[in-house]
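Take a look at the letters that make up each chain.
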Amino acid sequence: MEEYPDELRNPPVALISLVGCPEHHPAISSYLHSQQHPINVLALPDFSKVPVVLAKKVKDSGSEDPPGGILKRDWLLKHRTKIPALVAVLFSSLDVSGGPTQWLQVCSDLENLKAAIRPRNVKLVVVVVLQSSSAELHADGNNEDRMIALKKRAEVDSKYLLMYTPNDVSELKQSLDRLGNVFSELASAHYREEGRRIRTKVEKRGYNFPELHMRYCFKVAIYAEFRRDWNEALKFYEEAYRILRQMVGTKTRLPPIQRIVEINSVAEQLQFKISTLLLHGGKVLDAVQWFCQHNVAYRRLVRVTEAPYLHWEWMSRQFLVFAELLETSSATMQSISSFVVGGTDGTLTEWEFRPAYYYQLAATYLKKKQSSLEISLSMTDNSSEVDSSIDSVVPSTYVGQFARLLEQGDELSMQPLSDEQYVQYTLAEGKRFQDSYEIIALLKRAYESYSSLKAQRMGSTCGLEIAKEYFFLNNYVNTKQVCDDIITLYRQEGWVALIWEVLGYLRECSRKLGAVKSFIEYSLEMAALPVLPDTSITFLGFMESGPAGLPSLQQREHIQKEVMELFGKDSRDGLSAEKSTDLRLTEENPLNLEIDLVSPLRTVMLASVAFHEQMIKPSVSTLITLSLLSQLPLSIQIDKIDLQFNQPQCNFSIINKERYTSTTMISSVQKSQRMEKASSLVLTTNRWLRLTFEIKSEQSGKLECVSIIVKLGPHFSIICRAESPASMDDLPLWKFEDRVETFPTKDPTLALTGQKATQIEEPEPHVDLALVATGPALVGESFIVPVTISAKGHDVYSGELKINLVDVRGDGLFSPRETEASFLDGHHVELLGIAGAEQEGKSQGSYSNINRIQQSFGLVSIPNIKNGETWSCELEIKWHQPKPIMLFVSLGYSSQEKDSTSQKINIHKSLQIEGKIAVTINHRIMLPFRRDPLLLSMVKPFNDADQLVSLPLGESNVLIVSASNCTEIPIWVESLSIETDFISASSSCCIKPGSGPESTGSTLLVAEEEYKKVFTVKPEVDSAPLSLGIVCLRWRRDPGHHEPSTIVTTKHRLPHVNVEVPTLIVSSECPPYAVLGDPLTYFVKIQNQTPLLQELKVLLSDSQSFLMSGTHSGTVFVLPKSDHVLSYKVIPLSSGTQQLPKYSLTSSRYSAGFQPSSAASTIFVFPSKPLFKGANDRGKNLESVATI
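Cut-offs applied
Residues numbered from 1 in each chain as written. Predicted model: local features only at pLDDT ≥ 70, side-chain atom pairs only at ≥ 80, totals over all residues. Heavy atoms only, no water. Buried < 20%, exposed > 50% of the residue type's maximum accessible area, 1.4 Å probe, protein only. Helix = DSSP H or I, 4+ residues; strand = E, 2+ residues; numbered from the N terminus. Arc of directions from axis to C-beta. Contact = heavy atoms within 4.5 Å. Pairing = 2+ DSSP bridges. Core = buried A, V, L, I, M, F, W, Y, C linked by side-chain atoms within 4.5 Å. Axes fitted to C-alpha atoms, helices over the stretch in contact; angles between N-to-C directions. pLDDT = per-residue confidence, 0-100.

1. Quick word on helix α2 (residues 25–33)
Phase 1 of the analysis: Taken residue by residue, α2 has H25, I28, S29, Y31 and L32 as its buried positions. Take α2 and look down its axis: the buried residues cluster within an arc of 160 degrees, on one side only.
Phase 2 of the analysis: Those residues of α2 that are buried lie in contact with β1 (15–19), β2 (40–44), β3 (86–92), β5 (161–164) and α9 (169–204).

So this is what it looks like as structure tokens:
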């Protein structure tokens, strides 16, 4: 599309001319260019230029000669850049309102301008450039008269006499807007009138030549484009195209070849205009259909038999231009499926809406042009004469015509060309350019477009064509690069014919570049392809043979033989040795060809290895079967096969006795490596070569065959990755071919289950590894696990002990919870250390002292142990949370002292250890006995379940702490105490043990037994929530008959409590016991600790066990900060444990009641007065003995 002139590629833009006052032209031009519908400006500084620009040739009305051509070449350019639609004449207001001389000059210039524009019907606009505001102009009456006279002189309407005020910023924008509107209106009117004038000629048909009819339709369409009337423009373009089609075959003064060239050139311009308008209007479907019709109409117009390349070049340009139009059109971004469904005839495909399709066809037609041009050039004899006639041929006056430029003195004249001269000119032009670069550029654009659409197959097709063009240009590097990219898809999808063709180009490029490795790889892959055996059949009926020829069995054999010559085999055959003179394999430059599991060369050689047993003992022989398969058409003589294992001492070689002498074998095979001989190593096409040998290994672990090295000739080897028969993939290209399939091994079971690896068992250990655990581990203690190593058959050297702690449940030994941050970064179980290993390491220096301890892993070196000796250590493990673990201990050692190559012997032992909580600590807070305080927090209802316990200020409360043994292991409790958090806690709360004597020894707790201790808690300060401290329990495991275990401290934080001042305190007092029938006094004491008068209701209930005197109910008033005592006389009527008469008090102010508990109301009644005896023995508690 870049070859088209600018006036054709861009839509027409209205053109106006500014005359006079040149200093104002830039401002007006810039404004007109910036509008939504821009207007081009032809600026003329003075009036003398107007007649030159608007001069019009006088036509001979009486001439009936046929036109010289269809379209004039410069007509559209002339109307876009030279002939304006209107002329805007600018006069200064000083000249208009000046003296007579100035006024006469204005009138003279105006008359000359009118005379110049009248023949072309150009509109006129008069612009007066004001030096000041327009108000000053209207204020002067003389100026008004001059304006009226100027309008009459110009013969224009009042609205076309405009004022332009450049010096007034406020009026400048309005002035420019008025100019733009008037210019746009008059320009559109001019183009409308011109179009109507030409359309009248078309309707009257006052001419006898179709060239004029077509020309007039083209002009009407151009004038419609000037007015942006796209529908009318499209209508007349289509009419001009229809008339042009009727002109094909008509006789004119032009020779036949040049006549067709002219018609094609005009049709190309019309097609471009029609397609642009359709795509501009969003009618993509109509544009595609129109282009298809255009293609059908002109595709067979190949009447230029002397120069067919002209037609193919023209066809290529049509597809190229339409592809660029589709690519730049925004309407193509819509859904393609809607376009296809909306088709009327259903013949359009999805690809016809894609630019890539047209780029590809443009390249195809350009290749046809290249081929026909080469044929035409080969048939031309006078090539020197052709070259000399190029400079004198130039484009003629009409589109699509050429003429010879002649100099006649000082004048130039155009001489028509004959068809023969024109063909010679086109041949000379064709020789100047190489079409291959243009073809490559088109194909690359198609390839990129297909790639963006994820159309890999179509893109690969374009890629193959690009490679062919590069190959034609002898650019072998780019050819190889492109073919390497596209052959991957063909291999994946199995397109054998395309693979053959691409490999042919790759093979030849490698030959030209001297890449011997690539040449051999591509050649072997081609020779192993499944192709038709008959060379007389043209593969696929349309395929180009390429440099490798048609795919056939004979061609495969030929390629294999040519490669065999490079290996040093069959060199006496003398097959095309001259082609391979630059490709040699020498001793200094050998070649090792690697074939992995995904290589396309698996068809060349496939190696399968199968162990007959999956588990063998050390130093015990087993059988291994090596199977080789090739799809090459000719048999291969193998010189040597090397089997490589992951254990190098198991490597061995298989020698072909027919190809190797004894001297050669000694020099080519290492003396320390095992050699096997085979009578014949011949690999036939599609037949397995099976070789079975014995193999044994001294080293335990996995024994795997890694690779197979097949040596072909002195300087070439194929390294195949070993594959297991059970998991071996099929050959993709040969999967559906008609061939006999056999198993890689004779035993079908081994072929289905065989593996290329086997497992060598561990050697029998002569060392005992013992782990001992004394029951479950307790949380918090350092649990000791003894490890004992006993040498019972041989010595132990270079030993290493590996310890691993693994969670049995699989939850992991690490917890990321923040609540467990205090437990050593969240590790539930931790390996603290290994006792005994460091002392042993200091005493012996004959081994490397390795000691690496982590939370769940440990690595410790052990000393050398002689046969019959033992070595032991202790693992110290600590549990922070109750969790079962599995303890894995691995011992690795060598039985030889200084043999670094000897195999390591490994012994593994495991032990599951349960981690349990040793003790649970509970507590209980009790108020003072027979003393009940009234706390406001107890009166108010709270829904919060986490409400803190409230304690009365200054009262001695009871705290009972208990520790229970949760395991079946007896433990000794050493002490139980409470530690405060802060130093200030001692001043806010007093916590003391009970009044009984302290126990100096340890207390034994068996399973589920409980240990209790009583403390008194007396809050002394009314403060915020108070911390009672941390309970510290020191205990140890019962060692039994072993050494005493370490002491463990278990801590339990007591909850916070609230401290409140009690409002009322009700206490009851009575003797510690009673005697049947003896009266006693029962006191109820009420303490008011508030500054308020308290009213309480008293209610005393009767009891069957006591006879009571006193009031049973009433109201009591207690003064502020005072006490009130209620006393009752009661007589016991029954002996034993009895309930005193219960009382209840209700506070009217707080609506709260008091009622003693059952324990506080209980008293023991003796049947008679007891006699007490007391004794003090060794500081023990008093014992009371009652005798009745």
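Here the narrative resumes, following the displayed structure.
2. Quick notes on the environment of I695
Phase 1 of the analysis: Positionally, I695 belongs in strand β18 (residues 689–695).
Phase 2 of the analysis: I695 sits 44 residues away from N651 along the chain, and the two C-alpha atoms are 9.3 Å apart.
Phase 3 of the analysis: Excluding residues that lie within four positions of it along the chain, I695 makes contacts with F611, V620, S621, T622, I624, F645, C650, F652, R674 and L703.

3. Let's talk about the pairing of strand β48 (residues 1094–1100)
Phase 1 of the analysis: Only one face of β48 is buried, namely the one carrying Q1094, L1096, V1098 and L1100, since none of E1095, K1097 and L1099 on the opposite face is buried.
Phase 2 of the analysis: The sheet contact formed by β48 and strand β50 (residues 1113–1118) spans 6 bridges and is antiparallel. Opposite L1096, over in β50, you have V1116 as the bridge partner.
Phase 3 of the analysis: Relative to strand β53 (residues 1143–1147), β48 runs antiparallel, the two being bridged by 5 bridges. Within β53, the residue paired with V1098 across the bridge is L1145.

4. Observations regarding the nonpolar core
Nonpolar side chains in soluble globular proteins tend to be buried together.
Phase 1 of the analysis: L150, F183 and M214 are the most contacted members of the largest nonpolar core, which totals 160 residues.
Phase 2 of the analysis: In terms of residue count, the dominant contributor to this core is helix α10 (residues 210–226) (11 residues).
Phase 3 of the analysis: For L150, the residues in contact, after removing those within four places along its chain, are F91, V96, W103, V106, L110, V126, V128 and L161.
Phase 4 of the analysis: Core analysis: the next-biggest nonpolar cluster, separate from the first, contains 51 residues, L628, L632, L683 and L712 among them.

5. Focus: the side chain of Q560
Phase 1 of the analysis: For Q560, the location among the structural elements is in helix α24 (residues 553–567).
Phase 2 of the analysis: By relative accessible area, which is 1% here, Q560 ends up buried.
Phase 3 of the analysis: Setting aside residues no more than four positions away along its own chain, Q560 makes contact with A527, L632, P633, L634, S635 and I636.

6. Considerations on the sheet that holds β50
Strand-to-strand pairing in sheets goes through backbone hydrogen bonds, with the strands running parallel or antiparallel.
Phase 1 of the analysis: The 4 strands lie next to each other as β50-β48-β53-β54, forming an open sheet whose pairing is antiparallel. The strands lining the two open edges of the sheet, one partner per strand, are β50 and β54 (1152–1154). Here the average twist between neighbouring strands, direction ignored, is 25 degrees.

7. Notes on the confidence of the model for the chain
Phase 1 of the analysis: Across the chain, pLDDT averages 82, with 85% of residues at or above 70.
Phase 2 of the analysis: Taken together, the stretch residues 569–580 has pLDDT below 50 and engages in 19 contacts with residues farther than four places along the chain or on a different chain.

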